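Letter by letter, the chains look like this.
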Amino acid sequence: MASRHQTIADDLRSQISEGLIKAGERLPSEAQLADRYTVSKPTLRSALAILQGEGLVEKVHGRGNFILPALHRVTYVGGGLSIDARAATNAALSVSIRTANVKAEGHLSALLRVSAGALLAEYVCLTQEGSTPHSLARVYVPQDLVPADAQEPSATPWGDDLAAWLAGPRPPLAEVREKVTARLPTPEEARTLRISTALAVLAIERVTTDSSGRVVEAALLVLPGDRADALFTTICTTTDERGTNG
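Rules used in this analysis
Residues numbered from 1 in each chain as written. Predicted model: local features only at pLDDT ≥ 70, side-chain atom pairs only at ≥ 80, totals over all residues. Heavy atoms only, no water. Buried < 20%, exposed > 50% of the residue type's maximum accessible area, 1.4 Å probe, protein only. Helix = DSSP H or I, 4+ residues; strand = E, 2+ residues; numbered from the N terminus. Pairing = 2+ DSSP bridges. Salt bridge = Lys/Arg side-chain N within 4 Å of Asp/Glu carboxyl O. Contact = heavy atoms within 4.5 Å. pLDDT = per-residue confidence, 0-100. Expected span 1.5 Å × (residues − 1). Arc of directions from axis to C-beta.

Caption draft 1: Summary view of the pairing of strand 10 (residues 215-224). Burial analysis of strand 10 places 9 of its 10 residues in the buried class, which makes it a mostly covered element. Turn length for the strand 9 (residues 201-210)-strand 10 hairpin, with the two strands adjacent in sequence and antiparallel, is 4 residues, and the turn residue G213 shows positive phi of about 90°.

Structure, rendered in C-alpha cells:
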C-alpha cells in the first residue's frame, strides 16, 4: 500500500500530466495543500520533494512551488546525443563552454594515460533548455594536441564537433571506449544542473584513442535521469557456412 505522501505525489503528478496544473503556475501554499489532503506539513513536503526530484516542481525560496515546463528527453547513442525531430523543432537548447588549463591528477591522469601534472585543456560544457540546465560535460584534451591558432569551439560538446575542431597532424581516431553508470549526483553536479541530490543521473565516461594507441580525449558526461536515455546497438554478422565447405 502506497504511503500518504506517495499518494499525494501521484495525485499532483496526474494533474500536471493532464494539464490541470500548467507549467509556470504556482501551487497553493504548503499550508493550503496540507489542509486539502488532510496531512501534516512534513508529509506534504515529502510529497513535494518527490516531484522536485523528478523535475516537475521547483521550490523558489520565499515565493512557493512552481510547475516546471516538461524537458525534452535526449538519447545518448554510442558517442553522441540526439533529440527526436519533433522535440528538436521546439527545443531551445543552447550550449555554453568554459575553457581552462588544468593539471592531470588522479583519475584524469589514469584516463588520459599521462603523468601526474601533465597539462590538459579542459572544456566545461553546460547545455540548457531555455533557462533550465539540461546536461553537463567535461572534456579533457592533452595540451599539445590543441592547435595554437585554433578558434574556440562553439557547437555541441558531445564529440564530433570538438574532435573536428581539434583535428590536426596525428593518426586517425581508432577507438572510443564508453562506460555508463547510474548514480546519484555529487553536490556540485546537483547545484549546476539544479536537480535534487536524490535524482539519479546517467554518468558516461568516454575515452578516445588514435591508431597509435594514444588517448586524445577523455569526456565525463552527466545527464539527469529524468530526461535521458542511452541507446547501444550491436551489429551481428553471420557467415553462410554452406558456401565454405566444398
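Caption draft 2: Seen up close, the pattern of salt bridges. Summed over all chains, the structure comprises 8 salt bridges. In this structure, R183 and E189 form a salt bridge, with 2.9 Å as the shortest nitrogen-oxygen distance. For R183, a relative accessible area of 29% corresponds to the partly exposed category. One salt bridge connects R206 with E217, and the closest N-O pair in it is separated by 2.5 Å. Linking R206 in strand 9 with E217 in strand 10, this pair joins segments that are 11 residues apart in sequence. Its relative accessible area of 5% is what places E217 among the buried residues. When salt bridges with common partners are traced through the structure, they connect E30, R45 and K59 into a single cluster.

Caption draft 3: Quick look at the environment of G24. Assignment of secondary structure puts G24 in the loop between helix 1 (4-17) and helix 2 (30-36). Residue G24 is classed as exposed on the basis of its relative accessible area of 52%. Distance from G24 to V57, taken between C-alpha atoms, is 9.5 Å for residues 33 residues apart in sequence. When near neighbours in sequence (up to four residues on either side) are disregarded, G24 contacts F66 and I67.

Caption draft 4: How the structure looks around the confidence of the model for the protein. Taken over all residues, the pLDDT of the protein has a mean of 80, while the share at 70 or more is 78%. Helix 5 (residues 106-112) holds the highest mean pLDDT among the elements of the protein, 95, whereas helix 4 (residues 85-90) holds the lowest, 39. Predicted confidence is poor over residues 81-90, with pLDDT under 50, and the contacts of this stretch with residues over four places away or in other chains come to 14 contacts.

Caption draft 5: Focus on helix 1. The end-to-end C-alpha distance of helix 1 is 20 Å, a good match for the 20 Å that 14 residues give at a rise of 1.5 Å each. Considered for burial, the residues of helix 1 that qualify are I8, A9, L12, Q15 and I16. Considered in projection along helix 1, the buried side chains sweep an arc of 125° and stay on one side of the axis. Here the buried face of helix 1 lies against helix 3 (41-53), strand 1 (57-60) and strand 2 (64-67). Directly beyond the C-terminal end of helix 1, a positive phi value near 80° is found at G19.

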